[in-house]
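Summary of the model geometry
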Amino acid sequence: MSLSEIEKKFKELYGKKPLLVRSPGRINLIGEHTDYNDGFVFPAAIDKEVLFAVSANDQNKFRFYAYDLDEHFEMKVEDLKISDSQWANYLLGVAAQFKKEGYEIKGVDCVFGGDIPLGAGLSSSAAIENGFGFALNEIYGLGESRMEMILKSQMAEHEYAGVMCGIMDQFASMNGKKDHALKLDCRSLDFEYANIDLKDYNILLCDTRVKHELASSEYNTRRKECETGVKILQKYNKEIKALRDVTPELLKEHQEEFDAVVYKRCAYVVNENKRVEEAFEALKHNDLELFGELMYQSHEGLRDEYEVSCKELDLLNSIARRSDDVVGARMMGGGFGGCTINIVKKEKTANFSKEIEKEYLEKTGTHLKIYKVKIADGTGLI
Ligand code: GLA
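Here the structure is a predicted model, which means the values were calculated and not measured.

1. Considerations on the sheet that holds strand 2 (residues 40-41)
In a beta sheet, neighbouring strands are held together by backbone hydrogen bonds and run either parallel or antiparallel to one another. Read from one edge of the open sheet, 3 strands run 2-7-8, paired in antiparallel fashion. Each edge of the open sheet carries a strand with a single partner, namely strand 2 and strand 8 (191-195). Relative to strand 8, strand 7 (residues 180-185) runs antiparallel, the two being bridged by 5 bridges. Directly across from Leu184, in strand 8, lies its bridge partner Phe191.

Put into structure tokens, the structure is as follows:
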């Protein structure tokens, strides 16, 4: 599916010339489940994206067409609410945020489609929310900043998809920059770009092609467990607002007051936050070995302490860990399926791909999907 196909379909359906927008998915180098703990993350936008053709209409209707699914959706603007269509909810959720702020959205015609695999943990939903919000902002001349649009996309996810996500995905998709990852402080929302020149290495995503049911309910449970931990420590220091404010030493000091599960969750987050800072420094000094080691540690924490991995992700990770062709690997995103991210020697990429595909098929009966990704610009006009 190409841009010209999206544009052609739009003209066919609505008979006019649309505004064209692209919005990318994201990877995350390190810093998982830290965003909603006011911590640090290190994501980047990628060259897998959702393309939009959008225009205002005078019918007081939302008229959407999902190209990849070949599905239409329609709703009157005055009836704006959560629908039975999961994909339409991402768009409606964003429109609802604009409406809440008092902007008058009349009708919208929209055709969209893309190549971000669904359910693979590459944030196709954030890409859709950002792209649609960006387009609305343009066609209605609303003058919203990127930050305001990011927050609207995040709220759409909370209110229309029921996932209490942090800010990482929407932020990375909107503010990505070609060949750069961004280290984001999820409390202050300050960020710094880091040039990612992996020289002799590729970024390879290995897609388990499983998405376990648990994903969104467990996500919300993890958030609550972290909040429980914060409440315990707040008794000793009122300045503690989130796990971001907790050192490993302080946590250890109060271990007996914690339920064992809550303790494990908190220990993971506190250590992962430290790892992001270390990984950022390691990359700055071209220390890819250390960077890779931190990725492996991150995976172990997600598997054993935060318990959001699954056997398929663990299998992929252990194959990578055994291989001399890989410098670092870990599960990526919310967990319970989706992809691992692997930093693989360029000249060994074909070899490693073959090996991991073979072993994954033998042990799970599923064909792995592998994506070689490049770091790309964030949401924008075409
Ligand atoms: C999902 C959420 C993000 C983040 C990651 C885990 O992708 O949308 O906000 O919490 O999981 O790091």
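2. Observations concerning the sheet that holds strand 9 (residues 201-211)
If you trace the 4 strands from one edge of the open sheet to the other, you get 10-11-9-12, paired in antiparallel fashion. Edge positions in the open sheet fall to strand 10 (326-331) and strand 12 (369-373), since each of these has one partner strand only. Averaged over all pairs of adjacent strands, the angle between their axes in this sheet comes to 20°, without regard to strand direction. The pairing of strand 9 with strand 11 (residues 337-345) spans 8 bridges and is antiparallel. Bridge pairing links Asn202 to Val344 in strand 11. Relative to the sheet, helix 9 (residues 288-304) contacts strand 9, strand 10 and strand 11, its axis offset from that of strand 10 by approximately 25°. Lying over the sheet, helix 11 (residues 349-364) contacts strand 9, strand 10, strand 11 and strand 12, oriented at roughly 15° with respect to strand 9.

3. A word on the nonpolar core
Core analysis: the largest hydrophobic core is formed by 78 residues, its most contacted members being Ile27, Phe42, Phe52, Phe64, Phe132 and Leu205. Of the domains in this structure, domain 1 (3-197) and domain 2 (201-373) are the two that each give at least three residues to this core. In this structure Leu205 touches Ile27, Leu122, Met332, Cys339, Thr340, Ile341, Lys369, Ile370, Tyr371 and Val373, once residues within four positions along its chain are discounted. Core analysis: the second largest hydrophobic core is formed by 28 residues, Val163, Ile240, Val308 and Met331 among them.

The rules behind each value
- Residues numbered from 1 in each chain as written.
- Predicted model: local features only at pLDDT ≥ 70, side-chain atom pairs only at ≥ 80, totals over all residues.
- Heavy atoms only, no water.
- Pairing = 2+ DSSP bridges.
- Helix = DSSP H or I, 4+ residues; strand = E, 2+ residues; numbered from the N terminus.
- Axes fitted to C-alpha atoms, helices over the stretch in contact; angles between N-to-C directions.
- Contact = heavy atoms within 4.5 Å.
- Core = buried A, V, L, I, M, F, W, Y, C linked by side-chain atoms within 4.5 Å.
- Buried < 20%, exposed > 50% of the residue type's maximum accessible area, 1.4 Å probe, protein only.
- Domains from an automatic or database assignment.

Interpretation note: all reported values are geometric properties and have no functional meaning in isolation.
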